[in-house]
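Inside the fold
Listed below, chain by chain, are the residues.
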Amino acid sequence: GGSKLNRAQIMEVEEYGQKVLGYDPLNDQELFPLIEEAFFAPTPIPWMQYADPQGRVYYYNMRTKETQWKHPMEGHYRDEFAKHRTRMRLESQMLTTKGSSGAKSDGTENDELPPGIF
């Protein structure tokens with residue numbers, strides 16, 4: 001189903017997607033559900049989310065005692081976003097290519113057989 005977010009929340013999610021994952025609201029609308037999932041991703045165990053005195057969010061790993069500014073799942077979502085965007089763009093290119101005529105750029109007919117004809 002569609003997103004249950006109000007306009008302000010959608011803008012916040014889109015801004016996060018643009019800054020963190022490279023989301024393009026004009027060309028990547030199909031990937032909004034993934035951006036939304038990344039934005040609302042829970043902090044995985046053994047990580048804990050805290051805020052410093054200035055209100056900036058950081059993450060603490062209870063097992064390793066390390067701290068970091070980035071959400072522990074950020075790398076995962078960045079990889080997923082890149083993978084889905086690449087697949088989407090390739091599928092789009094394939095559809096564009098399929099829609100072209102059988103003529104080659106030199107004006108001769110394409111000598112490949114159409115699918116299903118042997």
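Our subject in this report is the structure included herewith. (Residues numbered from 1 in each chain as written. Predicted model: local features only at pLDDT ≥ 70, side-chain atom pairs only at ≥ 80, totals over all residues. Heavy atoms only, no water.)

**Examining the overall build of the protein chain**
Helix and strand counts for the protein chain come out as 3 helices and 3 strands. For the protein chain, the sequential pattern of α-helices and β-strands runs α-α-β-β-β-α. Looking at the protein chain as shown, the accessible area adds up to about 9000 Å², and 55% of this sits on carbon and sulfur atoms. (Helix = DSSP H or I, 4+ residues; strand = E, 2+ residues; numbered from the N terminus. Areas by Shrake-Rupley, 256 points an atom, 1.4 Å probe, with all protein chains shown as cover.)

**A few points about the packing of aromatic side chains**
Aromatic ring pairs: the centre-centre distance and the angle between the two ring planes describe each pair. The full count for this structure, using the stated rule, is 7 aromatic pairs. With centroids separated by 4.8 Å and ring planes inclined at 85°, the aromatic side chains of F39 and F40 adopt a geometry described as edge-to-face. Ring pairs connect the aromatic residues Y50, Y58, Y60 and W69, which therefore count as one cluster. (Phe/Tyr/Trp six-rings, centres within 6.5 Å; stacked < 30°, edge-to-face > 60°.)

**What about unusual backbone geometry?**
Of note, the bond from I45 into P46 is cis; its omega dihedral lies within 30 degrees of zero at 15°. Structurally, P46 can be placed in the loop between α2 (32-39) and β1 (47-51). Phi is positive for K65, which is not a glycine, with a value near 70°. If you trace the backbone, K65 turns up in the loop between β2 (57-61) and β3 (67-68).

**Brief notes about the side chain of E74**
Tracing the backbone through its elements, the reader meets E74 in helix α3 (residues 74-98). Side-chain polar atoms of E74 contact the side chain of R78, separated by 2.6 Å. Apart from residues lying up to four places away in sequence, E74 is in contact with V20 and L21. (Polar contact = N/O pair within 3.5 Å; in protein donor to acceptor, adjacent residues only side chain to side chain. Contact = heavy atoms within 4.5 Å.)

**Some thoughts on the environment of L34**
Along the chain, L34 turns up in helix α2. In sequence terms L34 and Y77 are 43 residues apart; their C-alpha atoms lie 7.9 Å from each other. Beyond its immediate sequence surroundings of up to four residues, L34 is in contact with Y77, E80, F81 and H84.

**So, a nonpolar patch on the surface**
A cluster of nonpolar residues, M48, Y50 and M62, forms a patch on the protein surface that exposes about 260 Å² of accessible area. When you line up the elements, M48 lands in strand β1. Under the relative-accessibility criterion, M48 is labelled partly exposed at 32%. (Patch = residues over 30% accessible without salt bridge, like charges linked within 9 Å, V, L, I, M, F, W, Y side chains within 5 Å. Salt bridge = Lys/Arg side-chain N within 4 Å of Asp/Glu carboxyl O. Buried < 20%, exposed > 50% of the residue type's maximum accessible area, 1.4 Å probe, protein only.)

**Thoughts on helix α1 (residues 7-21)**
Residues lying three or four places apart along an α-helix face the same way, a consequence of the helix completing one turn every 3.6 residues. Helix length check: α1, at 15 residues, gives a terminal C-alpha distance of 20 Å against a target of 21 Å (1.5 Å per residue), a fit within 8%. Capping the start of α1 is the job of one residue whose side-chain oxygen sits 3.0 Å from the backbone nitrogen of A8: N6. Looking at the residues trailing α1, positive phi occurs at G22, about 85°. (Expected span 1.5 Å × (residues − 1).)

**Thoughts on the pattern of salt bridges**
Within this structure, the stated rule accounts for 6 salt bridges. Here R56 and D52 are joined by a salt bridge, their closest N and O atoms 2.7 Å apart. One network of salt bridges, in which partners are shared, links D28, R85 and R89.

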